[in-house]
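Observations on chain architecture
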Amino acid sequence: MANQTSSSPSPSRESPLIVEMRGIVKRFPGVLANDHVNFELKRGEIHGLLGENGAGKSTLMNVLAGLYRQEAGTILVNGEPKVFSSPRDAIKSGIGMVHQHFMLVPSQTVTENILLGLDDPRFFMRLPDYDSKIAELGEKFGLKVDPRAKIWQLSVGEQQRVEILKMLYRGVDVLIMDEPTAVLAPQEIEGLFETLRTMIASGKSVIFISHKLQEVSAIADRVSVLRKGVATATGVASKGVSRQELARLMVGRDVIFALDKKPSQPGEVVLDVRDIYSDNDKGLPALRGLSLNVRAGEIVGVAGVAGNGQSELSQVISGMRECKKGQVILGGDEVSNHSTLFGIQHGMAYVPEDRTHVGSAPNLSITDNVIMKKYRKPPILKNGLLDMKAATKLANELKQAYDIVVPNVSTPVRLLSGGNLQRVILAREISGLPAFMVAVQPTRGLDVGAIEGVHRLLLAQREAGAAVLLVSEELEELLSLSDRVYVIYEGKIMGEVMVVSGEPDEGLVDTIGQMMTGTPLAQIEKEGAAAHD
Amino acid sequence: MTESSVVTKKRPSIRIRVEPRLQEPPAWYPAVVSLGAIIVALILGGVLISFAGGDPIKSYQHIAKASFGDIGVISDTIVKATPIILAALACSVAFRMKLWNIGAEGQFIMGAFGASAIVLAPVLPAETSRWIFIPVMMVAGMASGALWGFIPGYLKAKFNVNEIISTLMLNYVAVAWVNFWIFGVWTEGGFQMSPKFPANANLPRLLEYAKTYPAFRGLTTHLGLLIGIVAAVILWFIIFRSRWGYEIRLIGDNPHAAKYAGINITKNIIWVMMLSGALAGLGGMSEVTGVVHRLQTAPIAAGYGFTGIIVAWLAKLNPLVIIVASILFGALILAGREIQPSGVPKMIQGIILVCLIASDFLLRYRIVVERGEE
């Protein structure tokens, strides 16, 4: 996979460095986000910036893009020192950033979004003129998107193209991409890589921020690695370094990629989802006749590109969303269209996608957050009152057992890091000894160490005989944890594959990839058989 | 540490930065900040008083004397604080769940009406014993207030009617309702007030015991203070120690998480609005039977429900702190009238409020002063 990056020109002209950052220091309250970091970008290269979450990658690049101001250190662009006090300054110097969360106005067209904030159309918006200009620009860089389309009509991949076009239209030479693949399907990722290579060929330079090793080694010419605000590697040629080495630079120790997983011994069906239909928040159909089942002692994965009904599926199962047709049976009882409480009382644990908005109460303490599903029963409930001593004791036990790093359990959870917050949520859900657990994106946004911890906890659940439904966008995670994987596409199951060993084989990934983009398994098998004949 | 490679502006500098707090400040800190804010407010107020041609020191001395100077005025301060305590408790419980009940005023008035109806209807004959009268009137006051809270609560829960609008409007309905009864039905010779209540329908006051304890002569502090304090303590237990209070706190902080935890939000909206209304209604009962001794609009609808909103916020919705904040406000209202009917005292109240609310910033952020070496 790593050998596809030979298309970029050799970066050795008279002034090879287009950007140079020296000794950048940036502090946030309690955190030294960048500790004298050096960074250099050569003209015409794709430079991967690798690091765990919270390593300071985005901070460093926000400094370069003019969003943050460094406390010490200098930025040189084309050899000249520059001081950026706003993103506008940075763009003037030819540096633009595409953020992880897009900054687009959904009700306006592509052209209107690109022109937003510019002085050029002064009063009259003669949009057709600009439409053709933008179409031309898109053509040149392989960024196909209809300039007259409204943003809300576009897929996430297309919206990303609009963001890139926005920067190119402003004439930037250096494009910073912050975790650009986080929102894309595998096919779209390939398309993005194609675009980036086209841009390099026409003289632009790209900084590619990611915490995904395989992507960085696939696309980048050189790699810099940050760990805890310190650069552990600066501008290493990506061909000369192995994934294992990069991982070590990122986390400071060897990462175990293979999990020791015992063979599954599935028992009875615990969760049976039968032909369910449901709408999303906008009232549009999100689930259209979806069926699946999970047995005791197995982890069943749900793969799919974000927004194909995964969130709605987990919400219907947990009782937080109305099920319009069909049934969700948990251990013989129908739980769909009952209250959330009904599911909780029937031994359902739910690790929601949104940790801060659904999974926790930010201003309440860790203690208050861990008793969320236990306060109705002894030992927390005593004589009709909450026994705060028992609650604190429970919280301290969980803090110990789940490795939650905080001074004390009366800390409000809004002050916790992503990994710690997820451990609080998992501790709460798992400590209820659930018969069934649905976990949605349980490792999203966590660093490698925290991800490993979450994986171990999920496997421990499986070994304890719980049925686990794991919804994730990380294929690697699904394949290393699951015993079976369903693939969801537009609210329907495209097919189900068995994962025999922990080693994902190429054919399986390919099949899943095809299902994720809407080809049913039956069709893939038919075509496969036809090809064999 | 020498950082020779670092290039920044080369001048000795003192920089002041504001950083969000990543750790909770120690427990004593909020109290010290609030005290500091009051001192700053008094200094600012002093400046304004001297601009207005007054002597700030003398004015403050006068205010202090008029509200805490002797046992008599302390008692008056407490009498003023009593309805505020109950109104603020009412607001605090609704606000805790992010229900913006600004109808404590109307619920307070309805509570006064409900309590009065026991005497005026009459439900109980005039010669009923005081120890039957008082509990029955308390229940009636709370029930009437709870009804006035139930209406917007039900509308909010079932039809998502904005409770700010509905509670505000119901305030006017409550005033009109009471006016109808005191003009038309229970009028005292055509005046817009009911006849005086019989003595045993009134809350006992300290001055009644002056024969046994001469020190109590002239003190109008009544049983309402005790009712307020007990209500505050009970409310504290409900909020911080009961299962229901936990649900209220959870819904208030994050309704999505509450739903996720299996809590019925609709039901809680109605119950909390009723509790809020009941507390305000109890305040109305206490005021009508402890101070006014007859049903009359003007002294009952004197804005205690609105003051309660401010006090609840100042006390950060903590029921026990509400008692202290209410006494402070009682003092300000009383002393204000001593120096000027309107104007400067109101202004000082305003300055104190703004300073206290602004000082909240210091709890969430910290100010860092850096001396640059480079």
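Residues numbered from 1 in each chain as written. Chains lettered and ligands numbered in written order. Predicted model: local features only at pLDDT ≥ 70, side-chain atom pairs only at ≥ 80, totals over all residues.

With respect to the environment of L32 of chain A
All names here are of chain A. The cut-off we apply is this: Strands here mean DSSP runs of E at least two residues long; helices mean DSSP runs of H or I at least four residues long; both are numbered from the N terminus. For the purpose of contact definition, each residue receives a C-beta atom placed from its backbone, and two residues are in contact when these atoms lie within 7 Å.
The residue L32 is located in strand β2 (residues 31-42) in this model. Separated by 104 residues in the primary sequence, L32 and E136 have C-alpha atoms spaced 44 Å apart. Those residues within four positions of L32 in sequence are excluded, and the remaining contacts are R27 and G229.

Quick word on helix α14 (residues 344-364) of chain B
Residue and element names in this part refer to chain B. Selection criterion: Helix span is expected to be 1.5 Å times the residue number reduced by one. The burial criterion counts other C-beta atoms lying within 10 Å of a residue's C-beta, which is placed from the backbone; the residue is buried at 20 or more, exposed at 12 or fewer, and partly exposed between these limits. What the arc describes is the spread of directions from the helix axis to the C-beta atoms.
With 21 residues, α14 should reach 30 Å at 1.5 Å per residue; the first-to-last C-alpha distance of 31 Å fits that figure. Within α14, burial applies to P345, I348, Q349, I351, I352, C355 and L356. For α14, the angular spread of buried residues about the axis comes to 160°, placing them on one side. Exposed positions of α14 whose direction lies more than 90 degrees from the buried face are G350, A358, F361 and R364.

Thoughts on unusual backbone geometry
Each neighbour pair has its own omega, and for P378 of chain A with P379 of chain A the value is 5°, a cis peptide bond. By the secondary structure assignment, P379 of chain A is in the loop between α11 (366-370) and β17 (381-382). The amide bond that connects A121 of chain B to the next residue, P122 of chain B, takes the cis arrangement and shows omega of -10°. Residue position: P122 of chain B is located in the loop between α4 (104-120) and α5 (130-159). Backbone geometry places N78 of chain A, a non-glycine residue, at a positive phi of 55°. In this fold, N78 of chain A is placed in the loop between β4 (72-77) and β5 (80-82). The partly exposed category is assigned to N78 of chain A, around which 14 C-beta atoms lie within 10 Å.

Comments concerning the interface of chain B and chain A
What counts here: Only Asp, Glu, Lys and Arg are considered charged in this grouping, and only Ala, Val, Leu, Ile, Met, Phe, Trp, Tyr, Cys and Pro are considered nonpolar; every other residue, Gly among them, is considered polar.
Chain B puts 25 residues into the contact, and the matching count from chain A is 31 residues. Counting only elements with at least two residues in the side of chain B that touches chain A, the list comes to β1 (13-20), α8 (243-253) and α9 (255-260) of chain B. If one sorts the elements of the side of chain B that touches chain A by residue count, α8 of chain B sits on top with five residues. Partitioning the side of chain B that touches chain A into residue classes produces nine nonpolar, eight polar and eight charged.

Focus: the confidence of the model for chain B
Here is the rule we go by: What pLDDT conveys is the predictor's confidence in a given residue, as a value from 0 to 100.
The share of residues in chain B with pLDDT of 70 or more is 94%, and the mean pLDDT across the chain is 88. Complex prediction metrics read pTM 0.74 and ipTM 0.81.

So, the domain arrangement of chain A
All names here are of chain A. Test applied: Where a domain begins and ends is set by an automatic assignment or by a domain database.
As far as domains go, chain A holds domain 1 (17-250), domain 2 (269-347 + 435-532) and domain 3 (358-433). Relative to domain 3, the C-alpha centre of domain 2 lies at a distance of 27 Å. Counting residues at the interface gives 11 residues for domain 2 and eight residues for domain 3. Considering every element that reaches the side of domain 2 that touches domain 3, the biggest residue donor is helix α14 (residues 448-463), with five residues. Residue composition of the side of domain 2 that touches domain 3, grouped by class: seven nonpolar, three polar and one charged.

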